[in-house]
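As a plain string of letters, each chain reads:
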Amino acid sequence: MRREKVLYSVVECMNDVLDIPLTIKMRTGVYSDKNTAHKLISGLCDRGVSLITVHGRSREQRYTRSADWNYIETCAALAGQTPLFGNGDILSYQDYVEARENCPSISGVMIGRGALIKPWIFTEIKEQRIWDISSSERFDIMRKYVNYGLHHWGSDTKGVENTRRFLLEWLSFLYRYIPVGLLERPPQKVNQRPPFYRGRDDLETLMASPNSDDWVKIRYVSSLK
C-alpha cells in the first residue's frame with residue numbers, strides 16, 4: 001500500500017492471466033496515523049478489481065484498536081459500482097446489523113476472528129437472534145471439524161497430526177467466547193477478555209480455559225469421539 005504503482009501493476013498482471021474475478025482485501029493503511037486506502041479505491045476499480053474488502057485498522061494497529069467503520073463507509077462511497085465489503089470486530093448479530101445500518105454504502109460484511117471465536121455467528125445472523133449455545137453443541141462443532149480434517153488429510157499418522165495441529169490453533173480462539181448466559185451485558189465484544197469464570201457445566205469451564213494443557217485435553221477427547 002506504500003507503493004501505489006507496484007500495486008496497480010500487480011493487479012493488472014493478475015487480471016491478464018486470471019479467468020475468475022479478482023478481489024482485494026486491504027487495511028486502512030500501513031501506519032496508524034495515516035489512512036491511505038481511500039486513495040487507492042478509484043485506481044483499483046479502474047483496473048478491473050471485482051470486489052474490495054477494507055479491514056478498518058492499519059497494519060501497525062493490528063488488533064489493538066476498534067475497527068474504524070466510519071472510514072470503511074468513506075471508502076465504500078468512493079467505490080462506485082464496485083462492491084466494497086467492510087471487515088472488523090463483528091462478533092454478534094447486533095454488530096452485523098449496526099455495521100449495515102451505519103455504513104449504507106457497503107455491499108456486505110466480511111467476518112474474520114468472529115468466525116474463529118463463534119463459528120455459529122452465521123446462524124445468528126441468518127436467524128437474527130442471539131444463540132446461547134450449550135457446551136455440548138459447541139463440542140459437536142469441534143467434533144465435526146475433526147471429522148472434516150481426517151477426511152481431508154486422511155486418518156493416518158500424518159493426517160491425525162495435521163488435524164490436531166489445526167484444532168489446537170483454533171482452540172486458541174474458541175476459548176475467548178463468553179457464554180451469553182453468563183454475560184452481564186450481552187453481546188460480547190470481540191476484544192473482550194473475561195476473568196476466570198466457572199461455566200454452567202464442567203465442559204463449559206474447560207472450554208473457557210486459556211491454558212494450552214486444557215486445549216490438549218479437549219483435542220484428545222474430540223479426536224476420540
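Preceding this paragraph is the structure being described.
The notes below deal with the structure included here. (Residues numbered from 1 in each chain as written. Predicted model: local features only at pLDDT ≥ 70, side-chain atom pairs only at ≥ 80, totals over all residues. Heavy atoms only, no water.)

1. Points about the pairing of strand E1 (residues 23-27)
- One ladder, built from 5 bridges, connects E1 with strand E2 (residues 51-55); its direction is parallel. Among the inter-strand pairings, Thr 23 is bridged to a residue of E2, identified as Leu 51.
- After leaving E1, the chain enters helix H2 (residues 37-46) and then returns to the sheet as E2, a path that is right-handed. (Pairing = 2+ DSSP bridges. Helix = DSSP H or I, 4+ residues; strand = E, 2+ residues; numbered from the N terminus. Right-handed = clockwise from strand over helix to strand, strands pointing away.)

2. Regarding empty space enclosed by the protein
- In total, this model carries 2 cavities of 30 Å³ or more according to the counting rule given.
- Taken as a whole, the largest cavity holds about 90 Å³ of empty space.
- Looking at the largest cavity, it is lined by 13 residues, and the ones nearest its centre are Ser 92, Lys 118, Val 180, Pro 187 and Gln 188.
- A per-class count over the lining of the largest cavity returns 8 nonpolar, 3 polar and 2 charged.
- Here the second largest cavity is characterised by a volume of approximately 30 Å³.
- If you list the elements that add at least two residues to the lining of the second largest cavity, you get helix H7 (135-153) and helix H8 (157-174). (1 Å grid on protein atoms, 1.4 Å probe; cavity = no way out; pocket = protein on both sides within 12 Å on 5 of 7 lines; lining within 4 Å. Points joined across faces, edges and corners; volume = space filled by probe spheres on them. Nonpolar A, V, L, I, M, F, W, Y, C, P; charged D, E, K, R; others polar.)

3. Quick notes on the nonpolar core
- Counting residues in each nonpolar core, the largest one holds 30 residues, and the members touching the most others are Met 26, Ile 41, Leu 44, Ile 52, Trp 69, Leu 84 and Ile 106.
- Listing elements by their share of this core, those giving two or more residues are helix H1 (4-17), E1, H2, E2, helix H3 (69-78) and helix H6 (121-127).
- If we ignore the near neighbours within four places in the chain, the residues touching Ile 106 are Trp 69, Ile 72, Glu 73, Ala 76, Leu 84, Gly 86, Ala 99 and Arg 100.
- Leu 167, Leu 174, Met 207 and Trp 215 belong to the second largest nonpolar core, which has 11 residues in total. (Core = buried A, V, L, I, M, F, W, Y, C linked by side-chain atoms within 4.5 Å. Buried < 20%, exposed > 50% of the residue type's maximum accessible area, 1.4 Å probe, protein only. Contact = heavy atoms within 4.5 Å.)

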